[in-house]
Amino acid sequence: MSVRQHWRPAVAAALALAVVTGCGSGGSEPATKSDGGSGTRVFSADNGEIKIPAAPERVVATGYAVPVLIEADAALVGISTWKRGLAMMTEQDRATYDRLPKVAGEAAAETNYEAIAAAKPDLIVIGVPKPVLGDIDMKRLESIAPVVAIGPTVPDAWRELSRRQSDAAGRTEHFETAKNAYEKRAGELRAKYGAALASLKFGHLGSYGDISKGTFHREFARSWGTNIAQDVGVTYYGEVKKKGGGGLDVTEYPAIEELPESLGEADAITYTLQPDGTPAEAVKQVLDSALWKNLPAVRAGRMFPLQYTEAATYKSALKTLDSVDRAFAPLLAR
C-alpha cells in the first residue's frame, strides 16, 4: 500500500494529522479495553473503536504494518508489497516476506479484496496514513474481518505506530524485545560519541529533493534522516519556516541557491545515502555543487553519510545505528 511517496511534497501536506501521543521511544499503555471472557477486545484505531480478537490467528497486514508484524512474528496470512523496506530486512524476515501471499500493492488503491477474502483473516491491520484511507473500500474489508487502521503521521512516530500495530496483532512482547535491543544499542552509542557530539550543531540533507525544480531536501529534528541519530545524541538546529502538517512540520524543500542560508550555520551535516551506500541523484546534485563545498561544515570536513534512514521498526533501526556508528567514528580520531 502507500509507501514513502506520501512524504513527498506533492502529497505530504495531506498529512496534517495530530502527532500520536508518546511517539518517542518511551512506552505507553495499550489502547484497548477487555471484553470480558469473550475472546475479543476493543482497540482504539484511526478508524474508531474496533472490536478485534484478543489473540488473532490469521492476520493481513498492509503498508507500514508489514515490516512491523513480520518482525514481531505475527500470525500473518497475507501482506501488501513493501519494496522500500526490503534492504533493511534480515535474511530471515526477507524469507518470510517472500513467502507470504501479496494481497495488495505499494499503493492503497492496489488492494486485492478477493485475495484478502481468500486468506480468511480474523484481523486486518491497515498501515497507511489517514488521508489515504479514502482509496480503500473499508466497508468491503470490514465485511471480511475486523479492520484496524494504524497509519503514520510525522516521521519519528514509527515508534508509537509500531507499538500499536504489534499490540493489535497480540505481539507486544516481541515488540518490547526489539525496542529494548534498540535502546541498549543507542545508549552505547550515546556513551561512545556523546562528548564529541555535544558541542556540534547539525543540519541534515535528505534524499527527496527535486532535481527538475532545482530544490534540495532539508530535514530538521524528528524527520526521517534525523530522528534515529538524535537517539545517539545529535542535535539538529532550526525548524521549518512554515509548518504544513505531517512530514512538512519537520522537512522543507528550498531552492538549491538557498543552501548557504539553510545550512550555513551548521557545525556538521549528516546526509542520506541509499541502502547500497550511494547518494540518490537529488543528494548527489547537492554534493557536487560549489555551494555545498563552500559550506563551513563541509570545509571543516564534518560531513557524515547515513544509510537506512527510512527505518520504521526498532529491528531495522539497528542497521541505522550501525551506520551512525560508522559515520561518526572519525570524530573519535580527531
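Residues numbered from 1 in each chain as written. Predicted model: local features only at pLDDT ≥ 70, side-chain atom pairs only at ≥ 80, totals over all residues. Heavy atoms only, no water.

Q: Hey, could you go over the packing of aromatic side chains for me, with residue numbers and the actual values?
A: Under the criterion given, the structure shown has 12 aromatic pairs. An angle of 65° between the planes, with centres 4.9 Å apart, marks the rings of Trp158 and Tyr314 as edge-to-face. Of this pair, Trp158 sits in helix H6 (residues 158–168) while Tyr314 sits in helix H13 (residues 314–332), and the two are 156 residues apart along the sequence. The exposure class of Trp158 is buried, given its relative accessible area of 2%. Relative accessible area serves as the criterion here: at 2%, Tyr314 is assigned to the buried category. A ring pair is formed by Tyr271 and Trp292, whose centres lie 6.1 Å apart and whose planes are at 85°; its orientation type is edge-to-face. Taken together, the residues Tyr271 in strand S12 (residues 268–272) and Trp292 in helix H11 (residues 290–293) connect sequence positions 21 residues apart. According to the relative accessible area criterion, Trp292 is buried, its value standing at 4%. Feature note: the residues Tyr193, Phe202, Tyr236, Phe304 and Phe328 constitute an aromatic cluster, connected by ring pairs. (Phe/Tyr/Trp six-rings, centres within 6.5 Å; stacked < 30°, edge-to-face > 60°. Helix = DSSP H or I, 4+ residues; strand = E, 2+ residues; numbered from the N terminus. Buried < 20%, exposed > 50% of the residue type's maximum accessible area, 1.4 Å probe, protein only.)

Q: Describe in detail the pairing of strand S2 (residues 40–45), supporting the description with residues and values.
A: Remember that side chains alternate between the two faces of the sheet whenever the strand is regular. Of the two faces of S2, the one lined by Arg41, Phe43 and Ala45 is fully buried and the one lined by Thr40, Val42 and Ser44 carries no buried residue. In this structure, S2 lies alongside strand S3 (residues 48–53), joined through 6 bridges in antiparallel fashion. Along S3, the bridge assignment pairs Phe43 with Ile50. With antiparallel pairing between neighbouring strands as the criterion, S2 and S3 make up a hairpin whose turn holds 2 residues. (Pairing = 2+ DSSP bridges.)

Q: Run through the environment of Leu332, naming residues and quoting values.
A: Assignment of secondary structure puts Leu332 in helix H13. Using a relative accessible area of 45% as the deciding quantity, one classes Leu332 as partly exposed. Residues Leu332 and Ala196, spaced 136 residues apart in sequence, show a C-alpha to C-alpha distance of 7.1 Å. Those residues in contact with Leu332, other than ones at most four positions away along the chain, are Lys192, Tyr193 and Ala196. (Contact = heavy atoms within 4.5 Å.)

Q: A description of the sheet that holds strand S4 (residues 59–63) should follow, citing residues and the corresponding values.
A: Think of a sheet as strands paired side by side through backbone hydrogen bonds, with each pair either parallel or antiparallel. Reading across the sheet, the 5 strands line up as S6-S5-S4-S7-S8 and stay open at both edges, with parallel pairing between neighbours. Across the chains shown, the open sheet's two edge strands, defined by having one partner strand only, are strand S6 (102–104) and strand S8 (147–149). The average undirected angle you get between the axes of adjacent strands in this sheet is 25°. Here S4 pairs with strand S7 (residues 123–127) via 5 bridges, running parallel. Counterpart to Gly63 in the pairing with S7 is Gly127. (Axes fitted to C-alpha atoms, helices over the stretch in contact; angles between N-to-C directions.)

Q: Quick one: what's the story with the packing of H6 against helix H7 (residues 172–197), residue by residue and with numbers?
A: Each packed pair of helices is defined by two parameters, the angle between the axes and the distance between the axes. Running from N to C, H6 and H7 cross one another at 155°; their axes reach a closest spacing of 8 Å. Considering the angle they form, H6 stands roughly antiparallel to H7. H7 is crossed by H6, and the crossing has right-handed handedness. When H6 is examined against H7, the residues Arg159, Ser162, Arg163, Ser166 and Asp167 are found in contact with a partner set consisting of Thr172, Phe175 and Tyr182. (Parallel < 35°, antiparallel > 145°, perpendicular 65-115°, else oblique. Left-handed = near helix turned anticlockwise from the far one by under 90°.)

Q: How would you sum up the sheet that holds strand S13 (residues 303–306)? Please name residues and give values.
A: Spatial ordering of the open sheet is given by S11-S10-S9-S12-S13, a layout of 5 strands whose pairing is mixed. One side of each edge strand has no neighbouring strand; the edge strands of this open sheet are strand S11 (251–252) and S13. As defined by bridge partners, S12 adjoins S13 across 4 bridges and the pair is classed as parallel. Bridging across to S13, Ile269 finds its partner in Met303.

Q: So what about the nonpolar core? Which residues, and what values?
A: Ranked by size, the top nonpolar core spans 56 residues in total, and within it Leu69, Leu76, Val148, Phe202 and Phe328 carry the most contacts. The element that contributes the greatest number of residues to this core is H13, accounting for 7 residues. In terms of nonpolar packing, the next biggest core, distinct from the first, is built from 18 residues, Val77, Ile116, Ile124 and Ala145 among them. (Core = buried A, V, L, I, M, F, W, Y, C linked by side-chain atoms within 4.5 Å.)

Q: Report on the side chain of Gln307, specifying residues and quantitative values.
A: Positionally, Gln307 belongs in the loop between S13 and H13. There is a polar contact of 2.8 Å between the side chain of Gln307 and the backbone oxygen of Pro275. Among the polar contacts listed, one links the side chain of Gln307 to the side chain of Arg326, at a separation of 3.3 Å. Not counting the four nearest positions on each side in its chain, Gln307 is found in contact with Leu273, Gln274, Pro275, Asp276, Gly277, Thr320, Ser323 and Arg326. (Polar contact = N/O pair within 3.5 Å; in protein donor to acceptor, adjacent residues only side chain to side chain.)

Q: Lay out the confidence of the model for the protein in plain terms, naming residues and giving numbers.
A: In the predicted model, the protein carries a mean pLDDT of 90, and 88% of its residues have values of at least 70. Below a pLDDT of 50 lies the segment residues 1–30, which in the model reaches 96 contacts outside its immediate sequence neighbourhood of four places, other chains included. (pLDDT = per-residue confidence, 0-100.)

Q: Mind laying out H13, listing which residues take part and the relevant values?
A: Every α-helix winds through 3.6 residues per turn, so residues three or four apart in the chain are directed the same way. In this model H13 runs 26 Å from its N-terminal to its C-terminal C-alpha over 19 residues, within 8% of the 27 Å that 1.5 Å per residue would give. Of all the bends found along H13, the most pronounced is centred on Arg326 and spans about 30°, while Pro330, a proline, follows it within four residues. Listed as buried for H13 are Tyr314, Ser316, Ala317, Thr320, Leu321, Ser323, Val324, Asp325, Ala327, Phe328 and Leu331. (Expected span 1.5 Å × (residues − 1). Bend = angle between axes of the 7 residues up to and from the residue.)

Q: Help me get a handle on the packing of H7 against H13, residues and values and all.
A: Put simply, H7 and H13 touch, their axes get as near as 10 Å, and they point 10° apart. Comparing the axis directions of H7 and H13 gives the class roughly parallel. Each of Phe175, Ala178, Lys179, Ala181, Tyr182, Arg185, Ala186, Leu189, Lys192, Tyr193, Ala196 and Leu197 in H7 lies in contact with H13, whose residues at this interface are Tyr314, Lys315, Ala317, Leu318, Leu321, Asp322, Asp325, Phe328, Ala329, Leu331 and Leu332. For the contact of H7 with H13, the class distribution of residues is 17 nonpolar, no polar and 6 charged. (Nonpolar A, V, L, I, M, F, W, Y, C, P; charged D, E, K, R; others polar.)

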